[in-house]
Amino acid sequence: MRLRALGVIALGLSALGMTRAPTKSRFRVDQTIEQVLDASAVGGKEEHQRFSVSTFLTVTLTDSTGGKVVQAVVDSMRADSAAPVPPAQLDSARGTRLQGFMAVGGRIGNVKPLRNTPLAPQLTDVLLQLYPALKIGAKVGDGWADTTETTNPASGGSMSVRRVTTYKATTSEPRDGANALKIEAAFTSSVTGTQETPSGPATVEGSGQGTGAYYVASDGHYLGGISNQVSKLTVSGTFAPKPLPISLTETFSVSELR
């Protein structure tokens, strides 16, 4: 009831030409990626790679017509020793600013970095995934669905991802000192795109599925969550007589910093 009442109040203020002050939050995003490439078609063997990257960023939300303007600043990035990103590149991400728009319900789109850096595509993806699609006034037992389609640069090419997610508010429980609504999710995705590799241009396609759990305070404030996805992809190009299969396991965890 509290969320629904706040939504009505916000609508009333909007009609009077009034908006709330911008809200600022700090988040830590932990991403772990495990990839298995079967290179037997080119005389190789299975190649395993696993690495983790943490991104710290400050996000400011400002009321606007139809939603909120999103402004994010990367405070820092760090990775484990297995990550295929030189430390200098991680350092160069500090201070990167990104801008986007959050539609009513929490989905972020139209994300653009305000300066180009080697990690701009990865940072764009972090901001796109940061918030789930939340239903205003949701209560335990409510369910809804959301579909997203995004295309982003990727290593000299671009990747298009279509994701269909079903959400359900399942329970209310304490989190970070606040009473939070727990929202569980299940999703499927499809991927198509191209990118440059050391062996030449490549085409990537496939599908994935995953689950997530997200937490929202009684005033609608997002407290963080986690999602896990397993994807089965293929990569093809002149470097291989047939497509090479890739198994990709990803974890995306968001924690609010206070």
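Residues numbered from 1 in each chain as written. Predicted model: local features only at pLDDT ≥ 70, side-chain atom pairs only at ≥ 80, totals over all residues. Heavy atoms only, no water.

Another point: the confidence of the model for the chain. A low pLDDT means the predicted coordinates there should not be read in detail. When pLDDT is averaged along the chain, the result is 88, and 93% of the positions lie at 70 or above. Taken together, the stretch residues 1–18 has pLDDT below 50 and engages in 16 contacts with residues farther than four places along the chain or on a different chain. (pLDDT = per-residue confidence, 0-100. Contact = heavy atoms within 4.5 Å.)

Residues Leu98, Gly100 and Met102 line the buried face of strand E4 (residues 97–103), whereas the alternating positions Arg97, Gln99, Phe101 and Ala103 sit on a face that is not buried. As paired elements, strand E3 (residues 67–79) and E4 share seven bridges and run antiparallel to each other. Bridge pairing in E4 links glutamine 71 to glutamine 99. In sequence, E4 turns back onto strand E5 (residues 108–113) through a hairpin of four residues, with glycine 105 there showing a positive phi of about 110°. (Buried < 20%, exposed > 50% of the residue type's maximum accessible area, 1.4 Å probe, protein only. Helix = DSSP H or I, 4+ residues; strand = E, 2+ residues; numbered from the N terminus. Pairing = 2+ DSSP bridges.)

Here we take up the packing of aromatic side chains. Each aromatic ring pair is summarised here by two numbers: the centre-to-centre distance and the angle between the ring planes. Considering all chains together, one arrives at five aromatic pairs under this definition. Taken together, a centroid distance of 6.3 Å and an interplanar angle of 55° make the contact between tyrosine 167 and tyrosine 214 tilted. Highlighted residues: tyrosine 167 in strand E7 (residues 157–175) and tyrosine 214 in strand E9 (residues 200–217), separated in sequence by 47 residues. For tyrosine 167, a relative accessible area of 8% gives the class buried. (Phe/Tyr/Trp six-rings, centres within 6.5 Å; stacked < 30°, edge-to-face > 60°.)

In this structure, Phe27, Val59, Met77, Leu127, Leu130, Tyr131 and Ile183 are the most contacted members of the largest nonpolar core, which totals 39 residues. Beyond its immediate chain neighbours, meaning those up to four positions away, leucine 127 contacts Val70, Ala72, Leu98, Ile108 and Val111. Counting 12 residues, the second-largest nonpolar core is a separate cluster that includes Ala154, Met159, Leu233 and Ala240. (Core = buried A, V, L, I, M, F, W, Y, C linked by side-chain atoms within 4.5 Å.)

Moving on to the sheet that holds strand E10 (residues 222–236). Strand order in the open sheet made by the 11 strands is E5-E4-E3-E2-E1-E11-E10-E9-E8-E7-E6, with antiparallel pairing throughout. Taken across any chain shown, the strands that pair with only one partner, and hence form the sheet edges, are E5 and strand E6 (143–154). Across the sheet, the mean angle separating the axes of adjacent strands is 20° when strand polarity is ignored. Note that E6 and E7 share 12 bridges and pair antiparallel. Bridging from a neighbouring strand, alanine 145 pairs with threonine 166 of E7. Sitting on the sheet, helix H3 (residues 120–130) touches strand E1 (23–38), strand E2 (46–64), E3, E4, E5, E6, E7, E10 and strand E11 (244–257), and the angle it makes with E5 is about 155°. (Axes fitted to C-alpha atoms, helices over the stretch in contact; angles between N-to-C directions.)

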